[in-house]
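Descriptive analysis of the structure
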Amino acid sequence: MTIEDVEAGAQEVRLHLSDAPVQLPEPVAALARVVAANRKGHATIGALAPSPWLFPGGQPGRPISTTQLTERLNQLGIRPNQARSTALFQLATEIPAGILARTLGIHTDVAVAWQRLSAGDWATYAAEVSRRSR
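Worth saying up front: this structure is predicted, and the values here are computed from it rather than measured. (Residues numbered from 1 in each chain as written. Predicted model: local features only at pLDDT ≥ 70, side-chain atom pairs only at ≥ 80, totals over all residues. Heavy atoms only, no water.)

1. What about the layout of surface pockets?
As a volume, the largest pocket reaches approximately 1,400 Å³. Lining the largest pocket are 33 residues, and of these Met1, Val35, Phe55, Leu69 and Leu73 lie nearest its centre. Residue assignment for the lining of the largest pocket shows that the elements contributing at least two residues are β3 (22-24), α1 (28-37), α2 (66-75) and α3 (80-94). A total of six residues in the lining of the largest pocket trace back to one element, the largest contributor, which is α2. For the lining of the largest pocket, the per-class residue count stands at 23 nonpolar, six polar and four charged. (1 Å grid on protein atoms, 1.4 Å probe; cavity = no way out; pocket = protein on both sides within 12 Å on 5 of 7 lines; lining within 4 Å. Points joined across faces, edges and corners; volume = space filled by probe spheres on them. Helix = DSSP H or I, 4+ residues; strand = E, 2+ residues; numbered from the N terminus. Nonpolar A, V, L, I, M, F, W, Y, C, P; charged D, E, K, R; others polar.)

2. Let's talk about the sheet that holds strand β2 (residues 13-15)
Taken in spatial order, the three strands make up an open sheet running β1-β2-β3, and their pairing is antiparallel. Each edge of the sheet is formed by a strand with only one pairing partner; in this case those strands are β1 (6-8) and β3. On average, adjacent strands in this sheet sit at an angle of 30° to one another, irrespective of strand direction. Summarising the sheet, β2 and β3 pair through three bridges and their orientation is antiparallel. (Pairing = 2+ DSSP bridges. Axes fitted to C-alpha atoms, helices over the stretch in contact; angles between N-to-C directions.)

3. Comments concerning the pattern of salt bridges
For the structure shown, the criterion picks out two salt bridges. Ionic pairing is found between arginine 14 and glutamate 12, a salt bridge with its closest N-O pair at 2.8 Å. A relative accessible area of 29% places arginine 14 in the partly exposed class. Arginine 33 is the partner of glutamate 26 in a salt bridge, and the nearest nitrogen-oxygen pair spans 3.7 Å. (Salt bridge = Lys/Arg side-chain N within 4 Å of Asp/Glu carboxyl O. Buried < 20%, exposed > 50% of the residue type's maximum accessible area, 1.4 Å probe, protein only.)

4. Focus: the packing of α3 against helix α5 (residues 108-117)
Where α3 contacts α5, the axes come no closer than 8 Å and their chain directions differ by 90°. Here α3 is positioned roughly perpendicular relative to α5, judged by the angle of their axes. Taken together, the residues of α5 that come into contact with α3 (itself represented by Leu88, Phe89 and Ala92) are Trp114, Gln115 and Leu117. For the contact of α3 with α5, the per-class residue count stands at five nonpolar, one polar and no charged. (Parallel < 35°, antiparallel > 145°, perpendicular 65-115°, else oblique. Contact = heavy atoms within 4.5 Å.)

5. Some words on the environment of tryptophan 53
Locating tryptophan 53 in the fold gives a position in the loop between α1 and α2. Sequence separation between tryptophan 53 and isoleucine 3 is 50 residues; the distance between their C-alpha atoms is 5.7 Å.

6. Quick notes on the packing of helix α4 (residues 97-104) against α5
Where α4 contacts α5, the axes come no closer than 8 Å and their chain directions differ by 120°. By the criterion of interaxial angle, the relationship of α4 to α5 is oblique. Viewed along their axes, α4 and α5 form a crossing whose handedness is right-handed. Between α4 and α5, the contacting residues are Ala97, Leu100, Ala101 and Leu104 on the first element and Thr108, Ala111, Val112, Trp114 and Gln115 on the second. (Left-handed = near helix turned anticlockwise from the far one by under 90°.)

Bear in mind that shape data such as this cannot, by itself, settle questions of function.
Here it is, written out as structure tokens:
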């Protein structure tokens, strides 16, 4: 992510991950403002131009690695893998597997497995709706 992906207005903060920006809720919006204003990394020390990356890495012009970012977040008590899994399973309960697979760029079988694990099996839901009396 680059600094241009964070749109911080007076009232709201939007994160551009694709065509449609996502409005960040508080306190995440406040954190995004702080990160955008105080980007630090080895590559930013003595650099001729500011780094475009939201999380600058150790090499000029490159972002921080996933491993290093995860390690830093873990030191702060933030467990990104757990949060990611929770978010993905929540999505699996709310939207059909086909849409989930296309949206996230994963195989449909994986999306179906997530739905079954999260008790969001849409086939069961469709069968239940079809059995309801009118």
